[in-house]
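Each chain is listed here by its residues.
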Amino acid sequence: MAKILCVLYDDPVGGLPLEYPRDTIPVIGSYPGGQTTPTPSGIDFTPGHMLGSVSGELGLRHFLEGAGHTLVVTSDKDGPDSRFERELIDADVVISQPFWPAYLTAERIEKAPNLKLAVTAGIGSDHVDLQAAAAHGVTVAEVTYSNSISVSEHVVMMILALVRNYIPSYGWVVRGGWNIADCVDRSYDLEGMAVGTVAAGRIGTAVLRRLKPFGVELHYTDRHRLPEDVESELGLTFHDSTEAMVPVCDVVTINAPLYPGTEGLFDDKLIGTMKRGAYLVNTARGKICNTEAVVRALESGRLAGYAGDVWFPQPAPEDHPWRTMPHHGMTPHISGTSLSAQARYAAGTREILECFFEGRPIRDEYLIVDGGRLAGTGAHSYGEGNATAGSEEASRFKRG
Ligand code: NDP
């Protein structure tokens, strides 16, 4: 029987909601392109309820304990005295989320001789040292597509919020003001602007599709070019590198995975080639942008705004400069964990566990590392190496 160690974010401050604003969530059966939503043999939760926080347990306890396994759920993940570090020693399976990542560094993998499977309840497995996982024969899997559309909606929201200066305007209302000029002195229309995405995978393409009706010029760069019919349907301009794309864009959205090839991509040099007053939205991973370069660009006016929901490390310490830099629209890492998304990634996590315990193949699209190498989606979208360096800084976060 296996020990499953599951790290989830904290419950709401007042405990799990007693009721929710809506009674149901829409039933989504498949994603664009035809991939089906998760197909576990059953679920023991109510879709639309909180599953991603500690007490939600991803709806897994009944299923796992019914099969004789041990489930440990904790949010205490950082530092050598954390429950995660203590429980890891004899864990067979680790489940973690990008929102509240249990960083699985090489040192931690070394301390977990039984570890066979690391599941990301969501998308993005850069919190795992993929190189070390491969070397130790640990399979890494994530619930591909489960929250891609959720993130694309957040990206569109953040682009509009920055360009139209929504957040400061809301602030004037809350403070009792009617300061129209103060609200609009940084407010523009998105119409007519050039918007480019770094990567046109599941999220990037969904962002492009959602932006088309806004009457913008659409640009993209990716390692593989999209089919010609998609390019012409959306009126896309392809650039063969990020460096070639960003100087022509008013808005840039980052939708590539984090791996050594994308770490620190947006540094002073690259941001310095962007138009004065460009907007940058990063919901991919914090480490793709150099922290201080973003702050400098906002202070100098090179960037008119920066938004996103991804930071490094996570959770971000209280003194993280992105909390206080000017003209930002940051949220904590929430875009992929709406109540709608939680139902899908919880079901997908269960599907992966069922495959693992029954010795059935995990869907290729869910695999990141398998058989000692990048596999499935991992082989297509990631690059070799490790992007967890510096993650011990997450232990500086203090709960409010
Ligand atoms: P996909 O795998 O569908 O797409 C990733 C795309 O990135 C692929 O098309 C890949 O290219 C491309 N790519 C990789 N390296 C580069 C590069 N150097 N330059 C340009 N393009 C590149 O993933 P998703 O769209 O579903 O997710 C993307 C990322 O978004 C995830 O890896 C994760 O980090 C983040 N994410 C964030 C969430 C949040 O809550 N904020 C939730 C979900 C995901 P190709 O395959 O063509 O080689």
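Everything here concerns the structure above.
Residues numbered from 1 in each chain as written. Predicted model: local features only at pLDDT ≥ 70, side-chain atom pairs only at ≥ 80, totals over all residues. Heavy atoms only, no water.

A. Fine view of the overall build of the chain. Of the regular secondary structure elements, the chain holds 14 helices and 14 strands. The C-alpha radius of gyration of the chain comes to 21 Å, within 12% of the 21 Å expected for a compact globule of 400 residues. Viewed in the frame of its principal axes, the chain has a C-alpha envelope of about 65 × 50 × 40 Å. Per-residue burial over the chain gives 56% buried out of 400 residues. Accessible surface for the chain amounts to roughly 17,500 Å². Of this, 53% is attributable to carbon and sulfur atoms. The averaged location of the 50 negative side-chain charges in the chain is 2 Å from the averaged location of its 34 positive side-chain charges. (Helix = DSSP H or I, 4+ residues; strand = E, 2+ residues; numbered from the N terminus. Rg over C-alpha atoms; globule rule 2.2 N^0.38 Å. Buried < 20%, exposed > 50% of the residue type's maximum accessible area, 1.4 Å probe, protein only. Areas by Shrake-Rupley, 256 points an atom, 1.4 Å probe, with all protein chains shown as cover. Lys, Arg positive; Asp, Glu negative; His and termini not counted. Charge placed at Lys NZ, Arg CZ, Asp CG, Glu CD.)

B. Structural detail: the sheet that holds strand 4 (residues 117-120). Spatially, seven strands are ordered 2-1-3-4-5-13-14 in an open sheet, and the strand pairing comes out mixed. Across the chains shown, the open sheet's two edge strands, defined by having one partner strand only, are strand 2 (70-74) and strand 14 (373-374). Of the strand pairs in this sheet, strand 1 (residues 3-7) and strand 2 are connected by five bridges, and their pairing is parallel. Opposite Leu5, over in strand 2, you have Val72 as the bridge partner. Against the sheet, helix 13 (residues 339-358) contacts strand 1, strand 3 (93-96), strand 4 and strand 5 (139-142), and its axis sits at roughly 165° relative to strand 4. (Pairing = 2+ DSSP bridges. Contact = heavy atoms within 4.5 Å. Axes fitted to C-alpha atoms, helices over the stretch in contact; angles between N-to-C directions.)

C. Molecular detail of the packing of helix 5 (residues 148-163) against helix 8 (residues 202-211). In the contact formed by helix 5 and helix 8, the axes pass within 8 Å of each other and the chain directions differ by 50°. Accordingly, the angle class assigned to the pair helix 5 and helix 8 is oblique. Considering only the axes of helix 5 and helix 8, their crossing is right-handed. Within the contact between the two elements, helix 5 uses Ser148, Ile149, Val151, Ser152, Glu153, Val155, Val156 and Ile159 and helix 8 uses Arg202, Ile203, Ala206, Val207, Arg210 and Leu211. (Parallel < 35°, antiparallel > 145°, perpendicular 65-115°, else oblique. Left-handed = near helix turned anticlockwise from the far one by under 90°.)

D. Inspection of the site of the ligand at higher detail. Around the ligand, the surrounding shell holds 27 residues, and the nearest of these are Ile203, Asp222, His224, His380 and Ser381. Ile203 has a polar backbone atom sitting 2.8 Å from an oxygen atom of the ligand. With respect to the ligand, the side chain of Asp222 contributes an N or O atom lying 2.6 Å from an oxygen atom. Across the complex, the protein chains shield 94% of the 930 Å² of accessible surface that the ligand would expose by itself. Classifying every residue of the shell around the ligand gives ten nonpolar, twelve polar and five charged. (Near = heavy atom within 4 Å. Polar contact = N/O pair within 3.5 Å; in protein donor to acceptor, adjacent residues only side chain to side chain. Nonpolar A, V, L, I, M, F, W, Y, C, P; charged D, E, K, R; others polar.)

E. Structural view of the pairing of strand 1. Within strand 1, five of the five residues are buried, which leaves the element mostly enclosed by the surrounding structure. The side-chain alternation of strand 1 yields two buried faces, one formed by Lys3, Leu5 and Val7 and the other by Ile4 and Cys6. Taken together, strand 1, helix 1 (residues 61-66) and strand 2 constitute a β-α-β crossover, and its handedness is right-handed. The pairing of strand 1 with strand 3 spans three bridges and is classified as parallel. Along strand 3, the bridge assignment pairs Leu5 with Val94. (Right-handed = clockwise from strand over helix to strand, strands pointing away.)

F. Just the side chain of Glu57, in detail. With respect to the helices, strands and loops of the structure, Glu57 is situated in the loop between strand 1 and helix 1. Given the relative accessible area of 19%, Glu57 is considered buried. Contact partners of Glu57, with chain neighbours within four places excluded, come to Leu8, Leu51 and Val73.

G. Just the sheet that holds strand 9 (residues 251-254), in detail. An order of 8-7-6-9-10-11-12 is seen for the seven strands of this open sheet, with the pairing classed as parallel. In this open sheet, the two edge strands, each paired with only one partner strand, are strand 8 (236-239) and strand 12 (328-330). Each neighbouring strand pair of the sheet contributes to a mean axis angle of 15°, computed without reference to strand direction. When strand 6 (residues 194-198) meets strand 9, the two strands line up parallel, connected through four bridges. Paired with Val198 across the two strands is Ile254, which belongs to strand 9.

H. The arrangement of unusual backbone geometry in detail. Geometrically, the link from Phe312 to Pro313 is a cis peptide bond, its omega value of -10° lying close to zero. Following the sequence through the fold, Pro313 ends up in the loop between strand 11 (303-308) and strand 12. A cis amide bond links Gln314 to the next residue, Pro315, at an omega of -5°. Position of Pro315 among the secondary structure elements: in the loop between strand 11 and strand 12. In this structure, Tyr145 is a non-glycine residue whose phi angle is positive, near 80°.

I. Layout of the environment of Pro317. For Pro317, the location among the structural elements is in the loop between strand 11 and strand 12. Residue classification places Pro317 among the buried positions, given a relative accessible area of 4%. Residues Pro317 and Ile254, spaced 63 residues apart in sequence, show a C-alpha to C-alpha distance of 23 Å. Those residues within four positions of Pro317 in sequence are excluded, and the remaining contacts are Arg323, Arg396 and Phe397.

J. The arrangement of the packing of aromatic side chains in detail. Per the stated rule, a full pass over the model turns up ten aromatic pairs. A ring pair is formed by Trp311 and Trp322, whose centres lie 6.2 Å apart and whose planes are at 45°; its orientation type is tilted. With Trp311 in the loop between strand 11 and strand 12 and Trp322 in the loop between strand 11 and strand 12, this pair connects stretches of sequence that are eleven residues apart. Grouping residues by exposure puts Trp311 and Trp322 together as buried. Ring pairs connect the aromatic residues Tyr9, Phe99 and Tyr345, which therefore count as one cluster. For Lys287, the ring lying beneath its charged end belongs to Phe312, and the centroid distance is 4.3 Å. The ring of Trp311 has Arg323 sitting right over it, with the charged end atom 5.7 Å from the ring centre. (Phe/Tyr/Trp six-rings, centres within 6.5 Å; stacked < 30°, edge-to-face > 60°. Lys NZ or Arg CZ within 6 Å of the ring centre and 35° of its normal.)

Spatial relationships are all this shows, so hold off on functional conclusions.
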